[in-house]
Amino acid sequence: MGLVLYNDLTRRKEEFAPVSPGRIGFYVCGPTVYDYIHIGNARPFVVFDALRRYMEYKGFEVIYVQNFTDIDDKMINKANQLGITVKELAEQFIEAYFEDIIPLGVRQATVHPKATEHIDDIIRLISRIIENGHAYIIDGNVYFDVKSYPNYGKLSGQSLEELQAGARIEVDERKRHPLDFVLWKAKKEGEPWWDSPWGHGRPGWHIECSAMAMKYLGDTIDIHGGGSDLIFPHHENEIAQAEAATGKQFVRFWIHNGYLLINKEKMSKSLGNILNVREIRKNFQPLAVRLFILAAHYRSPLDFSDDSLIQATKSLQRLRNCYSDLLFYMERSQEKNTPDTWLEDVVNNGYKRFCNALDDDFNTAGALGAVFEVVRDLNNYLKENETLDKQALIKSKDFFETVENILGVIGINTIGEEFAGTLSSSEIEGLIKEREAARKKRDFARADAIRNELASKGIILEDTPLGTRWKKKEQ
Ligand SMILES: [Zn+2]
Ligand SMILES: [Zn+2]
């Protein structure tokens, strides 16, 4: 069995396979760049980054597109507030986006298209929708005509009446139906504008994603991700726009992540509990945030609290300590004539359970469970055996590297550096050498002083038959 994903379009789990064998077109709705991203924004970016990595691990080429919304009401209001142009505002917060998201281990997309750089594509798409009879023009505004498109509501599984009853809709008497939404907005004084067949104006929000997704990925794309708050109206509208223009299915797999709560409450401006990634990064390691997000199934609600992040920080340290122990013992172990099949079995089972969990609707919670079982068994193996099997340790190391490659929750290339905190790893190694020398001279007072000094900085020493190990305390 390959990768199975829950498709919100069909409301069931389906085996995932791309239209073109070996090549996946993957679109994720990106941020509106008028402010710093908050932890709720970060969840889909982390989840879909990991899913993309898993697809690549499985041998697919993934064309990953994530847009920047750099023109809309929020952008215009914020730019006016700050007395800068919309373009300056966008530049500032696109930079801030990368500053916040790269430490969370989220890789750059194949393309990060911006709405303002695709106005021609957007205008062409709107023109096709009008030609096909699915949009109408009033005073330089273009509206999508939801009644003309019988499939409207297919993603949410609701009729026009049901959607209308549940929606907050701006009253606009010019619209034919309350759910009709704007594709092109006529220019207002003091707003950025572009030329179009309908006069000066700017695109509505929803149209950019259909236009940019199809530009980079073709008329039918394999997978589209986003937060579940985007299902209606944004994704419903994306489908209507694209399919009204092409007559083809727009997206084969719609994947949405669940809500993120803060101390069991919904995050909202009115509650004043919006938590920026930038703030969280001041108090917690960014990889602990990533681990916290991936430790839940992506469709489950996720409750953020300081306690949950403290827990994730401990788990992160446990992973990192296990990996650095492994490297330490690997260098000092030998080839064995009779291999330790016990440890090899642990690792092989770890792989199997890890991949089975990810194949089952990308269950990262289950996958991490498998990883922590390997950690537990490996820690025991290292503690309880005097002679270690180098081959089995190398296999364990490969396992950790695979986990890192896909989930990115260990931070392998920073182990031994930021890991040490206030001291660099070479300073610590230096102190350990000094302590060994002191012990040889039977200067136990000095040796203990060094141990205590390190302990005060959260670094614990472990004397093993193979030499002294140091590690960061797991709090
Ligand atoms: Zn979208
Ligand atoms: Zn979008």
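Not measured: the values here are computed from a predicted model.

Novice: So what exactly am I meant to see when it comes to the coordination of the zinc ion (ligand 1) here?
Specialist: Listed as protein donors to the zinc ion (ligand 1) are Cys29 (SG), His224 (NE2), His235 (NE2) and Glu238 (OE); their distances from the metal cover 2.0 to 2.2 Å. Note that the zinc ion (ligand 1) binds 4 donor atoms; their angles at the metal cover 100 to 121 degrees, and the shape is tetrahedral. Coordination of the zinc ion (ligand 1) draws on donor residues from a single chain, spaced C-x194-H-x10-H-x2-E in sequence. Separating the zinc ion (ligand 1) from the zinc ion (ligand 2) is a gap of 3.3 Å, which Cys29 spans by donating to each of them. Placement of the pair is His235 and Glu238 together in helix α7 (residues 231–246), with a separation of 3 residues, close to one helical turn.

Novice: I'm lost on the nonpolar core in this one. Help?
Specialist: Nonpolar side chains tend toward joint burial in soluble globular proteins. Of all hydrophobic cores here, the largest spans 142 residues; its most connected members are Leu5, Phe26, Met55, Ile223, Phe354, Leu393 and Phe400. When residues of this core are assigned to domains, at least three map to each of domain 1 (20–268) and domain 2 (302–414). The next biggest cluster of nonpolar side chains, apart from the first, holds 9 residues, and it includes Ile428, Ile450, Leu454 and Trp470.

Novice: Please clarify how the domain arrangement of the protein should be interpreted in this entry.
Specialist: Size of an interface: often given as the accessible area lost when the parts come together. Along its sequence, the protein is organised into domain 1 (20–268), domain 2 (302–414) and domain 3 (418–472). On a C-alpha basis, the centroid separation for the pair domain 1 and domain 2 is 39 Å. With 15 residues of domain 1 at the interface, the matching set in domain 2 holds 14 residues. With both sides pooled, the region where domain 1 packs onto domain 2 buries about 1,300 Å², and carbon together with sulfur makes up 59% of that total.

Novice: Looking at this structure, I do not really get the UniProt feature "short sequence motif: 'HIGH' region" (unreviewed entry) in the protein. What am I missing?
Specialist: According to UniProt, the feature "short sequence motif: 'HIGH' region" (unreviewed entry) maps to residues 31–41 in the numbering used here. A distance of 7 Å separates the end C-alpha atoms of residues 31–41, which is 27% helix and 0% strand.

Novice: Even after reading the chapter, I still don't get helix α4 (residues 119–131), so can you show me in this structure?
Specialist: A turn of α-helix holds 3.6 residues, and therefore any two residues three or four places apart point the same way. Helix length check: α4 (13 residues) gives 18 Å between terminal C-alpha atoms against 18 Å at 1.5 Å per residue, within 8%. Of all the positions in α4, only Ile119, Asp121, Ile122, Ile123, Leu125, Ile126 and Ile129 are classed as buried. Gly133 lies just past α4 and shows a positive phi near 80 degrees.

What counts as what
- By convention here, each chain's residues receive numbers from 1 onward along its written sequence.
- Whichever chain is written first becomes A and whichever ligand is written first becomes 1, with later ones labelled in order.
- For this predicted model, a pLDDT threshold of at least 70 governs which residues receive local features, and a threshold of 80 or more governs which side-chain atom pairs are given and counted, while totals over whole chains, interfaces and linings are taken from all residues.
- The basis for every side-chain value is the complete set of non-hydrogen atoms in the structure, without hydrogens or water.
- Distances define the donors: N, O and S atoms within 2.8 Å of the metal qualify, as do those within 3.2 Å of Na, K or Ca. Water is excluded, so some sites may look unfinished.
- In this scheme the shape depends on donor count and angles: four donors with every angle between 85 and 135 degrees give tetrahedral, four or six donors with opposite pairs above 155 degrees and others between 65 and 115 give square planar or octahedral in turn, and any other case is irregular.
- Numbering goes from the N terminus for both helices and strands, where a helix is a DSSP run of H or I of at least four residues and a strand is a run of E of at least two.
- Nine residue types can take part in a nonpolar core, namely buried Ala, Val, Leu, Ile, Met, Phe, Trp, Tyr and Cys, and a core is a set of them joined through side-chain atoms within 4.5 Å.
- A 1.4 Å probe rolled over the protein chains alone gives each residue an accessible area, and that area as a share of the maximum for its type sets the label: buried under 20%, exposed over 50%, partly exposed in between.
- Residue ranges for the domains originate in an automatic or database domain assignment.
- Pairs of residues are marked as contacts when any of their non-hydrogen atoms sit within 4.5 Å.
- Using a 1.4 Å probe, buried area is obtained as the accessible area two parts lose upon being combined, added over both of them.
- UniProt positions are given in the numbering used here, feature names are shortened, and annotations may be inferred rather than shown by experiment.
- To estimate how far a helix should extend, the number of its residues minus one is multiplied by 1.5 Å.

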